[in-house]
Amino acid sequence: MAGTAGLAALPVRAMAPKTLTARVATAQIAPPKYAATEVWTYDGALPGPVLRVPQGGRLARRLVNDLSVPTSIHWHGIRIDNAMDGVAGLTQEAVPPGGTFDYDFAVPDAGTFWYHAHTNSFEQVARGLSGALIVEEPDAPEVDRDVVLVLDDWLLNPEDAQFMEPFGHPMSLSHGGRLGNLLGTNGTYDYAREVKANERLRLRLINASNARIFVLQLAGLEGWTIALDGMPLPAPEPVEAELILAPAQRIDLIVDVTADVGETAALVRFDDDQWRPQARFPVAGTASATRRDGPAALPPNPNIEVPGIDSARRLDMAMEGGAMGRMSGAMMNGRAIGFREMAGQGQFWALAGQVGMTDTPFASLDRGETVRVRMTNETAFAHAMHLHGMHFRQVAEDGTLGPMRDTILSYPDEPLEIAFVADNPGKWLFHCHMLGHAASGMTTWINVT
Ligand code: C2O
Ligand code: CU
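These remarks concern the structure in this document.

About the criteria used
- Residues numbered from 1 in each chain as written.
- Chains lettered and ligands numbered in written order.
- Predicted model: local features only at pLDDT ≥ 70, side-chain atom pairs only at ≥ 80, totals over all residues.
- Heavy atoms only, no water.
- Donors = N, O, S within 2.8 Å, 3.2 Å for Na, K, Ca; no water.
- Buried < 20%, exposed > 50% of the residue type's maximum accessible area, 1.4 Å probe, protein only.
- 1 Å grid on protein atoms, 1.4 Å probe; cavity = no way out; pocket = protein on both sides within 12 Å on 5 of 7 lines; lining within 4 Å.
- Points joined across faces, edges and corners; volume = space filled by probe spheres on them.
- Nonpolar A, V, L, I, M, F, W, Y, C, P; charged D, E, K, R; others polar.
- Phe/Tyr/Trp six-rings, centres within 6.5 Å; stacked < 30°, edge-to-face > 60°.
- Helix = DSSP H or I, 4+ residues; strand = E, 2+ residues; numbered from the N terminus.
- Lys NZ or Arg CZ within 6 Å of the ring centre and 35° of its normal.

Here we look at the coordination of the copper ion (ligand 2)
Then step 1. Coordination sphere of the copper ion (ligand 2), protein contribution only: His383 (ND1), Cys432 (SG) and His437 (ND1), at 2.0 to 2.1 Å.
Then step 2. Motif for the copper ion (ligand 2), donor spacing along one chain: H-x48-C-x4-H. Neither Cys432 nor His437 differs from the other in exposure class; each is buried.

As structure tokens, this is what we get:
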């Protein structure tokens, strides 16, 4: 039994906030013959620690900035209180070196989310400042293992295995973004985890890379997609075709291990004209002699309807610029500017005719209204467009609505339309999650009041 001394100590312990410290560390990302890489981390881990919180609960973390530059944390995909959104310059001041910031917010939706730096993101995320944020269902589906897979790529100098600089090279900004020369999962080029035959796993895929679009398949695994960007699908969808995972997107899978003992099941990716392992699952031992039945759907999250799209306000957003684009110029800081002059200032892209942030938002929305945004990709590149604070649904040509998402991949010359209910008040970024694109023009914002 605890004595009085123990009881007296309790309030002090309860008051000490849990921290998340941004700091430099080293990680062996590359094969052992290479040096360890100096990385920027949360709590020394690459990726950052997996944060788990029950649905409907709160996440409270004090960001401690032990870096030599200002930083802030964005909680990607959480339908969050605006003041906690972590966008330096819009929802908070960046936290200076040595400073702290207390994040404390409710998590309404269960699912797979992630957190990452939102100050100079194109550099800070590339250096390692990201991690998984898992909001747990009260009734989670029955699986043998819940496996978080943070997919990433790193652009390393082969000489010394350190990050290639500059992070914002004009060539990558104006093309597909910063693509790594080493790909991996959970901080290593060769992620492996033992499993058993006939085991059922929940795989939580998170694309934390700056710009890479992962093309994935299952090998020795039979699977179902159960959620996208944290939001449950109405019914599990068997994985038959390739899975496309754009930067910042998440896919939750239920998979059964169909490979035999001694074989290696895998999540494989297509690159360099080949399928290569992205995460390996060597099969050691048998969990059961028989397979389970197919999985059930996850319980739905609250507030997932997008009603009234026929009468909704309609907005247009042209995406323009980049290498091989046809943009002659745009508005920047309130004046018209030609593409050459933009490029001279390291800016290459425009959304709705504007380069980067503007004083007035792309849209001022009334709280609770439904809005449709039609996006036309007039560039030569794909873009992963992300809305903060609210999920949206794609509106198909025939008016049907797609799954709830927070990040959607747009391909050149394939216009797409999204619709959402502006039910979360505040200032919300809308930007390309190819982070170099976001830093060189593809960032705007909406205001919900
Ligand atoms: Cu994950 Cu503004 O982004
Ligand atoms: Cu982009």
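Still to come is the rest of the account.
Focus: empty space enclosed by the protein
Then step 1. One pass over the structure, following the stated rule, counts 3 cavities of 30 Å³ or more.
Then step 2. Looking at the largest cavity, its volume works out to about 80 Å³.
Then step 3. Ala126, Asp153, Trp154, Arg178 and Asn210 are, among the 13 residues lining the largest cavity, the residues nearest its centre.
Then step 4. Classifying every residue of the lining of the largest cavity by side-chain character gives 7 nonpolar, 3 polar and 3 charged.

Side note on the packing of aromatic side chains
Then step 1. Tallying each qualifying case throughout the model produces 8 aromatic pairs.
Then step 2. Taking the centre distance of 5.1 Å and the plane angle of 50° together, the rings of Trp75 and Phe105 count as tilted. A residue pair is termed long-range when its members are at least 10 positions apart, and Trp75 in strand S5 (residues 73-76) and Phe105 in strand S6 (residues 100-106) qualify at 30 residues.
Then step 3. Both rings, one in Phe101 and one in Tyr103, keep their centres 4.6 Å apart while their planes meet at 55°; by these two values the pair is tilted.
Then step 4. Under the relative-accessibility criterion, Tyr103 is labelled buried at 1%.
Then step 5. Here a set of aromatic residues connected by ring pairs shows up, and it is made of Tyr42, Trp75, Phe101, Tyr103, Phe105 and Tyr115.
Then step 6. One residue, Arg127, lies across the ring of Trp40, its end atom 4.5 Å from the ring centre.

That's the geometry; what it means functionally is another story.
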